[in-house]
Amino acid sequence: MSGTVEDSMTERVQEQAAVNDGLVLFGGNGDLALRMLFPSLCFLEAEGLLPEGLPVLATGRSAMDDDVFRALVREALERRAPEAVATGAADRLLARTHYIAADVTHLEEFKRIGVRLQALKMSNPLFYLSVSPSLYTSICQGLLAAGLTSGEARVVMEKPIGKDLASSRVINDQVQAAFSEERIFRIDHYLGKETVQNLIALRFANTLFEPLWNNLTIDHVQITIAETQGVGDRWPYYDEYGAMGDMVQNHMMQLLCLVAMEPPSDLQPDSVRNEKVKVLRSLRPIGRAEVAQNVVRGQYAKGVVGGQQVTGYAEEKGSESQTETFVAIQAHIDNWRWAGVPFYLRTGKRLPDRDTEIYIQFKGVPHSIFAGESRQDLQPNSLLIRLQPEEDIVLRLMNQRPGLSLDGMRLESLPLSLSLKTVHKTPSRRRIAYERLILDALNGNSTLFVRRDEVEKAWEWVDGVNDAWRRAGLPPKPYAAGSWGPAGAFALIEREGRAWRED
Ligand code: BG6
C-alpha cells in the first residue's frame, strides 16, 4: 500500500461497500414494517437486488413463532406487493424470515437476540429501528452490551430524531456510543423518492440549468407538500411535533437543501452532505420580530375533502390544541447564490389535493419587445418538479400562438414536459422510497441518508421559529379542511406581488 490520499480514499470507498450479512428489523410486526419495509424487501428480492440468501430477523413484543409471523407478512405482501409475490419472491424471502419476541427495554433480551443472530450466521447485520424513537437508546445500549455492534454492523433510524435540538443531541450521543457515525443511517424517506434523486441529476447532469440557478435569474422558489389525509389516530405523536417537527424539520429541509446546495465534487456521502449542511447554516433565522410577517400557522377545522365530510383536528384529538397542522414560511438563504430570492415553503394536512412539488419561477425578460395584448401574455419561465401524485418535470417556455391576427404576434406559455411515467414504461409501478434506501444501507452507501449535523442544524432553525411563535403568543389559525390553509398563507406571498402556483 503506497499510502497516498487517493489510496486511502479508495480504501474508504471499499470499506463502505461491505455488504451486511443479515437484516434485523426492530418493530418487525409494526405498521411501517408491514406496509413499507417488507414490501420493499420483496420487490428487491424479485429484482435480484438483495444480497443472496440474506436472512431477516424481525423482533416485536408480541409472542409468535416464525410460521405465524410469516403468515402475517405474506398477507401484507399480497396486498402491497402482488407483482413481486407473483414472481415467487415472497416465498424466497419468507423462507429466510424469522421472528423473535423481545422486550427491548430489558438488556438481557439482547443476549437471546445475539444467540439467534449467531444461529442465523449474521455477524455484520443491518439493524433497522422501526420503533418509537423513545426506544432507540435502549436498543443501542442493548446491542452494545451484547457485543453486537462491531465490524460492519450498521443501524438505520427513522425520523423523528428528537423533538428539538437538545433531545436530538441526546439521542445522537447515545446511538453514537454504540455505532460510529459512518455506520449510522438516518432515514428521510423523501430522499428515497425517485424524483428527489432526479433533482440531483437534473441539476448536475445538465449544463443548462446551473448558469441560471441563482439570484440573477431566479425570482423565487416554492416548495409545497400538501396532503389530503388528516392526523387521525396518530395525534398522540403528532400533537407533540406539529407540521414543523413532522414535515419541515426533515422532508421540507431536505428538499430545500437539494434545490439550493452548491454542486458537490462527487456523489460520495460526505461531499453531498457537506453541501447540504452549508445550506442549513445559511438559512436566515426567523426570530420574534420576523415571525408574524414570515410564518403562518394553521390548524384544520371540520370541512370537506374529496367530497367527504371530515372532522377537525381538535375533535380528532378530543381537546383543544395549539399544534399546527399547516405551515407556510417565507425563508431566505443568506449566501451569494440566493441573496434576495425568497423560498416559500408550505405544508399541511387536510388540504384539497395531494401534491408535492418544487416550483422555480425565473425572472421575467429584462425588456419586452412585445406591445399590446402580447405584452400581457408574456409570462416568466418556470420549472416545476412534481413528486406526487405523479412524477413530472415541466419547463414552461413562451411561444408564439399559431394563427393570424391584426394585432400582430400573440404569445402563449407552453409546457415542455418530461413525464417519467410516459417516458419510462417500465417499471410501471411507483417504487416505494424505502427500496432504494434499504438497498443503499445494506451496501453501506450513506449518500441518501442524513448526517448528524444536518439533523441538528435543521432542528436549530426549526426551534428558533417555534420559540419565536411561543414568545409572540400566536395561536394557529383555523382553516376549513379541504381549503389551502388560512388566508394569511396567501397574504404571505401576495404581499410581495407573487402567488402560490396553481394548476
Ligand atoms: C411522514 C410524516 O414522515 O411523511 C407523515 O410523519 C406524512 O405525517 C408522511 O403523512 C408523508 O409522506 P409521503 O411519502 O406520503 O408524502
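Residues numbered from 1 in each chain as written. Predicted model: local features only at pLDDT ≥ 70, side-chain atom pairs only at ≥ 80, totals over all residues. Heavy atoms only, no water.

## A look at the confidence of the model for the protein
Close reading of the predicted structure is inappropriate where its pLDDT is low. Let me state the cut-off plainly: Confidence of the predictor in every single residue is expressed as pLDDT, which spans 0 to 100. Residues are treated as being in contact if the distance between any of their heavy atoms lies within 4.5 Å.
With 96% of its residues at a pLDDT of 70 or more, the protein has an overall mean of 93. Per-residue pLDDT stays below 50 along residues 1-14; that stretch engages in three contacts with residues further than four places along the chain or on separate chains.

## Considerations on the side chain of Asp440
Our working definition: Put simply, DSSP H or I for four residues or longer makes a helix, DSSP E for two residues or longer makes a strand, and each gets a number counted from the N terminus. Summary of the burial criterion: residues with accessible area below 20% of their type's maximum are buried, those above 50% are exposed, and those between are partly exposed, where the area comes from a 1.4 Å probe applied to protein chains only.
Take Asp440: it is sitting in helix 16 (residues 433-442). With relative accessibility at 7%, the residue Asp440 sits in the buried group. Those residues in contact with Asp440, other than ones at most four positions away along the chain, are Phe185, Asn445, Leu448 and Phe449.

## With respect to helix 10 (residues 235-260)
Our working definition: What a helix is expected to span follows from its residue count: subtract one and scale by 1.5 Å. The bend reported for a residue corresponds to the angle between axes fitted to the seven residues ending at that residue and the seven starting there.
For helix 10, built from 26 residues, the straight-helix expectation of 38 Å at 1.5 Å per residue is missed by more than 12%, its first-to-last C-alpha distance being only 33 Å. Along helix 10, the sharpest kink reaches roughly 100°, centred on Gly242. A large share of helix 10 lies buried, amounting to 21 of its 26 residues.

## Notes on the site of the ligand
Using the following cut-off: Here, proximity means that at least one heavy atom of the residue falls within 4 Å of the molecule or strand. Polar contacts, as counted here, are pairs of nitrogen or oxygen atoms within 3.5 Å of one another; within protein the pair requires one atom able to donate a hydrogen and one able to accept it, and residues that are adjacent in sequence qualify only if both atoms are side-chain atoms. Areas reported here follow the Shrake-Rupley algorithm with a probe of radius 1.4 Å; residue values treat only the protein chains shown as occluding.
Neighbouring residues of the ligand: 13 residues in total, closest Tyr190, Lys193, Glu227, Asp246 and His251. Contact between the ligand and Lys349: an oxygen atom at 2.8 Å from a side-chain N or O atom of the residue. Between the ligand and the protein, one listed contact pairs an oxygen atom with a side-chain N or O atom of Arg354 at 3.1 Å. In isolation the ligand has 390 Å² of accessible area, and contact with the protein removes 84% of it.

## Quick notes on the packing of helix 10 against helix 17 (residues 452-472)
Note the following rule: Whenever a helix is involved, its axis is fitted only over the stretch in contact; in every case the axis is a line through C-alpha atoms, and angles between N-to-C directions fall within 0 to 180 degrees. By the definition adopted for this analysis, an angle is roughly parallel if under 35 degrees, roughly antiparallel if over 145, roughly perpendicular if from 65 to 115, and oblique otherwise. Crossing handedness is read from the near helix: turned anticlockwise from the far helix by less than a right angle, it gives a left-handed crossing, and turned clockwise, a right-handed one. Residue type decides the class: Asp, Glu, Lys and Arg count as charged, Ala, Val, Leu, Ile, Met, Phe, Trp, Tyr, Cys and Pro as nonpolar, and the leftover types, Gly among them, as polar.
As a packed pair, helix 10 and helix 17 sit with axes 10 Å apart at the nearest point and diverge in direction by 140°. Considering their axes alone, helix 10 and helix 17 lie oblique with respect to each other. Crossing of helix 10 over helix 17 shows right-handed handedness. For the pair helix 10 and helix 17, contact is made by Tyr241, Met244, Gly245, Val248, Gln249, Met253 and Gln254 and by Glu454, Val455, Ala458, Trp459, Trp461, Val462, Val465, Asn466 and Trp469, respectively. For the contact of helix 10 with helix 17, the residue count by class is eleven nonpolar, four polar and one charged.

## Here we look at the packing of aromatic side chains
Spelled out, the test is: Here a pair means two rings of Phe, Tyr or Trp (six-membered ring of Trp) with centres within 6.5 Å. Their orientation is stacked below 30 degrees between planes, edge-to-face above 60, and tilted elsewhere. The criterion for a charge sitting over a ring is simple: Lys NZ or Arg CZ within 6 Å of the ring centre, and within 35 degrees of the ring normal.
Going through the model one piece at a time under the given rule, you end up with 14 aromatic pairs. Residues Phe26 and Phe110 carry aromatic rings whose centres are separated by 6.3 Å and whose planes lie at 40° to one another, so their mutual orientation is tilted. Of the two residues, Phe26 is situated in strand 1 (residues 23-26) and Phe110 in helix 6 (residues 109-119); the sequence distance between them amounts to 84 residues. Phe110 matches Phe26 in its accessibility class, with the two residues each being buried. Taken together, Tyr238, Tyr300, Tyr313, Phe326 and Tyr479 form an aromatic cluster joined through their ring pairs. The ring centre of Tyr190 lies 4.6 Å from the NZ or CZ of Lys193, which sits over that ring. Geometry around Tyr300 places Arg350 over its ring, the cationic atom sitting 6.0 Å from the centre.

## A word on the sheet that holds strand 5 (residues 154-157)
The test is simple: Strand pairing is defined by DSSP finding a minimum of two bridges between the two strands.
Here we have six strands laid out as an open sheet, ordered 3-2-1-4-5-6, and parallel in their pairing. Single-partner strands in this sheet number two, and they are strand 3 (97-101) and strand 6 (184-186). Sheet twist, expressed as the mean angle between neighbouring strand axes with direction ignored, is 20°. Relative to strand 6, strand 5 is paired through three bridges, and the arrangement is parallel. When the bridges of strand 6 are listed, Met157 appears paired with Arg186. On the sheet, helix 7 (residues 136-145) packs against strand 1, strand 4 (126-129) and strand 5 and is oriented at approximately 160° with respect to strand 4. Helix-sheet contacts for helix 8 (residues 165-178) involve strand 5 and strand 6, and the interaxial angle to strand 6 is about 145°.

## Side note on unusual backbone geometry
The omega angle of the peptide bond from Lys159 to Pro160 is -5°, so this bond is cis rather than trans. Its location among the elements puts Pro160 in the loop between strand 5 and helix 8. A cis amide bond links Gln388 to the next residue, Pro389, at an omega of 5°. A positive phi angle, close to 60°, is found at Arg350, a residue other than glycine. The exposure class of Arg350 is buried, given its relative accessible area of 15%.

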